[in-house]
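Summary of structural features
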Amino acid sequence: MANNQPPYKIEFLGGNDNVYFFFTRFKVGYLVKFKPSFYVLDAEPAIADNVYELVIARIEKPEGPIPPDERILYTIAAIAEDFFKKEQNIAIYVCDDSDGRGKARKRKFDGWFVYLNFEGRGFMKIDQGFHEADGFSYSASLIFKSENKLKIQIITALDELAAKYNQPK
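The sections below set out a description of the structure shown in this document. Not measured: the values here are computed from a predicted model.

What about a positive patch on the surface?
- Together, Arg58, Lys61, Arg101 and Lys108 give the surface a local cluster of positive charge.
- By secondary structure assignment, the location of Lys108 is in helix H3 (residues 102–115).

Side note on the pairing of strand S3 (residues 29–36)
- Summarising the sheet, strand S2 (residues 19–23) and S3 pair through 4 bridges and their orientation is antiparallel. Following the sheet pairing, Phe21 is matched in S3 by Leu31.
- What sits between the antiparallel neighbours S2 and S3 is a turn of 5 residues, in which Lys27 has the positive phi angle 65 degrees.
- As paired strands, S3 and strand S4 (residues 51–60) are joined by 8 bridges and run antiparallel to one another. From the neighbouring strand, Leu31 faces S4, where its bridge partner is Ala57.

Let's talk about the packing of aromatic side chains
- In this structure the tally under the stated criterion is 14 aromatic pairs.
- Relative to Phe123, the ring of Phe118 has its centre 5.0 Å away and its plane inclined at 75 degrees; by these criteria the two rings are edge-to-face.
- Given a relative accessible area of 1%, Phe123 falls into the buried group.
- Among the aromatic residues, those joined into a ring-pair cluster are Phe12, Tyr20, Phe34, Tyr52, Phe83, Phe84, Phe113, Phe118 and Phe123.
- Above the face of the Phe113 ring, Lys125 is positioned so that its terminal group lies 5.6 Å from the ring centre.
- Note that Lys145 overlies the ring of Phe123, its terminal NZ or CZ placed 4.5 Å from the centroid.

Analysis parameters
Residues numbered from 1 in each chain as written. Predicted model: local features only at pLDDT ≥ 70, side-chain atom pairs only at ≥ 80, totals over all residues. Heavy atoms only, no water. Patch = residues over 30% accessible without salt bridge, like charges linked within 9 Å, V, L, I, M, F, W, Y side chains within 5 Å. Areas by Shrake-Rupley, 256 points an atom, 1.4 Å probe, with all protein chains shown as cover. Salt bridge = Lys/Arg side-chain N within 4 Å of Asp/Glu carboxyl O. Lys, Arg positive; Asp, Glu negative; His and termini not counted. Charge placed at Lys NZ, Arg CZ, Asp CG, Glu CD. Helix = DSSP H or I, 4+ residues; strand = E, 2+ residues; numbered from the N terminus. Pairing = 2+ DSSP bridges. Phe/Tyr/Trp six-rings, centres within 6.5 Å; stacked < 30°, edge-to-face > 60°. Buried < 20%, exposed > 50% of the residue type's maximum accessible area, 1.4 Å probe, protein only. Lys NZ or Arg CZ within 6 Å of the ring centre and 35° of its normal.

Structure follows, in structure tokens:
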């Protein structure tokens, strides 16, 4: 993983979805996936073939309330550092709002990015909002290494995708 030991032991399960797994001290199990998503950006293969959707899923938890746990944040950061060892990788994080909690997810994700100083550690995050014809909207963030030689093309591809979605219907 990264130079610093993550707070929780991370197991890389691999597979097509680049799956990482960890358990917290409160017996909560998480899967962090980077699912290949070449179809998301209508871009040249050098970009499209390196796009992965970041999925953070709680898969196991004990009964009752779970106390806040900052160690999860640092563990996910260590996983991201490992994933981005391949500098061409691009992660897209979609804040699903189907349960009405999309804005809260976005605030939490944005806060993590700032709190962990990912920008200072060589990462870029580009945000974009999308509006469906049925009135449903959601936000997405692209994260990639600042040194990525295709960063202008990556940003342009996201802007073009948003322009397609956000046209008056």
